[in-house]
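# Overview (structure and organization)
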Amino acid sequence: MNLKTPEYVPGHDLIKGKSVLVTAAAGAGIGFSAATRAAEEGARAIVLSDIHEGRLAAAVEKLQAESGLSEVYGKVGNVAVEDDVRALIEFAEESMDGVDILINNAGLGTSKLLIDMEDEEWHRVIDVTLNGTMRMTRHMMKVMKARGRGGVIVNNSSVLGWRAQKEQAHYAAAKAGVMALTRCAAMEAAEFNVRINAVAPSIVLHPMLRKSASEELLAELESKEAYGRAAEAWEVANVMMFLASDYSSYMTGEIVSVSSQRG
Ligand SMILES: NC(=O)c1ccc[n+]([C@@H]2O[C@H](COP(=O)([O-])OP(=O)(O)OC[C@H]3O[C@@H](n4cnc5c(N)ncnc54)[C@H](O)[C@@H]3O)[C@@H](O)[C@H]2O)c1
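The sections below set out a description of the structure shown in this document.

Conventions and cut-offs
Residues numbered from 1 in each chain as written. Predicted model: local features only at pLDDT ≥ 70, side-chain atom pairs only at ≥ 80, totals over all residues. Heavy atoms only, no water. Pairing = 2+ DSSP bridges. Helix = DSSP H or I, 4+ residues; strand = E, 2+ residues; numbered from the N terminus. Right-handed = clockwise from strand over helix to strand, strands pointing away. Near = heavy atom within 4 Å. Polar contact = N/O pair within 3.5 Å; in protein donor to acceptor, adjacent residues only side chain to side chain. Areas by Shrake-Rupley, 256 points an atom, 1.4 Å probe, with all protein chains shown as cover. 1 Å grid on protein atoms, 1.4 Å probe; cavity = no way out; pocket = protein on both sides within 12 Å on 5 of 7 lines; lining within 4 Å. Sits in = over half its atoms within 2 Å of the grid points. Nonpolar A, V, L, I, M, F, W, Y, C, P; charged D, E, K, R; others polar. Contact = heavy atoms within 4.5 Å. Axes fitted to C-alpha atoms, helices over the stretch in contact; angles between N-to-C directions. Parallel < 35°, antiparallel > 145°, perpendicular 65-115°, else oblique. Left-handed = near helix turned anticlockwise from the far one by under 90°.

## A short note on the pairing of strand 3 (residues 72-76)
Direction of pairing for strand 2 (residues 45-50) relative to strand 3: parallel, over a ladder of five bridges. Each bridged residue has a counterpart across the sheet, and for S49 the counterpart in strand 3 is K75. The handedness of the strand 2 to strand 3 crossover, carried by helix 2 (residues 53-67), is right-handed.

Here it is in structure tokens:
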């Protein structure tokens, strides 16, 4: 069974007038979709960031052309490098007169049996996926607290933070860490009016992911979903926009599964 993808839902000005920073925004997946959705939902300014310079320039140009939004900026950065994180947040703060919404999208995965895992691979995945999210969250919280006008952070975890899958011990551990980070940081940020939540997507297929995993595995993962298909990146971005908007004003420290399979 494969229940068809629904029609693309038009924007509803959910984040009208807000400024948005998205990490890992130059790929073919959730990051760029979130930036596109942010424009459609009324954002006044958006900073796209990514580690890949060439793709980032193209992504900025594409978003400007498609959205008609003049305030679209790009800043190259690696979320695993503290100096890059500081420079990125400083750039976003200055160019957009403060960041209202941070979307921590960056995460890195590989496939490896634990018994074959070298420390280097384990650390690389943890460093981008968990430590990168921590670095961005920590610095953004500091800046939002000092600025005093509140804000929202949306992290991107994964259902693998809850579920078991072979060859994913490093990535799953990192995503479980992102969930715990989200819950604990939210408790600290509430007093300065910053909400922090996370989405936990199951599977979003895009060309870059198709290159990194076997067709058999991807087909098996899709078949486990009640809808018999992967999510579109924009279906995850929609939930991010809900969490970024005032519609989720009573939610903080929550992990929202974007999945049609439980367990
Ligand atoms: N695709 C899925 O099935 C799926 C499922 C669950 C969770 N996620 C999570 O969603 C997020 C987005 O993944 P996606 O697959 O939609 O791809 P995406 O297109 O949103 O992100 C890929 C981009 O990340 C950039 N990137 C990689 N390392 C970086 C770093 N250290 N600093 C900054 N940018 C970096 C790449 O250059 C690339 O442009 C990730 O955190 C991923 O773990 C994805």
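Anyway, onward from the coordinates.
## Examining the site of the ligand
Within the structure, the ligand sits among 30 residues, and D50, N105, N156, Y171 and H206 are positioned closest to it. R55 is positioned with one of its side-chain polar atoms (N or O) 2.8 Å from an oxygen atom of the ligand. Protein chains bury 90% of the 830 Å² of accessible surface belonging to the ligand in isolation. More than half of the atoms belonging to the ligand lie within 2 Å of the grid points that define the largest pocket. For the shell around the ligand, the secondary structure elements donating two or more residues are helix 1 (30-40), helix 5 (169-189) and helix 6 (207-212). Of the residues assigned to the shell around the ligand, the class counts are 14 nonpolar, 13 polar and three charged.

## Describing the side chain of T133
By the element assignment, T133 lies in helix 4 (residues 119-147). In this structure, T133 is in contact with N104, A106, V128, N155, V178 and L181, ignoring residues within four places of it in sequence.

## Some details on the packing of helix 4 against helix 5
Taken N-terminus to C-terminus, the directions of helix 4 and helix 5 make an angle of 15°; their axes are 9 Å apart at the nearest point. When the axes of helix 4 and helix 5 are compared, the pair comes out roughly parallel. Considering how the two elements wind past one another, helix 4 and helix 5 form a crossing that is right-handed. Touching E121, W122, V125, I126, T129, L130, T133, M134, T137 and M141 of helix 4 are A169, H170, Y171, A173, A174, K175, G177, V178, L181, A185, E188 and A189, all from helix 5.

## Brief notes about the sheet that holds strand 1 (residues 19-22)
Ordered by their spatial adjacency, seven strands build an open sheet running 3-2-1-4-5-6-7, and the pairing between neighbours is parallel. The open sheet has two edge strands, strand 3 and strand 7 (255-258), and neither has a second partner. Across the sheet, the mean angle separating the axes of adjacent strands is 20° when strand polarity is ignored. Relative to strand 6 (residues 194-201), strand 5 (residues 151-156) runs parallel, the two sharing six bridges. Across the sheet, residue N156 finds its bridge partner in strand 6, namely V199. Against the sheet, helix 2 makes contact with strand 2 and strand 3, and its axis sits at roughly 175° relative to strand 3, the strand it touches most. In this fold helix 8 (residues 233-244) packs onto strand 4 (101-104), strand 5, strand 6 and strand 7, with an angle of close to 165° to the strand it touches most, strand 6.

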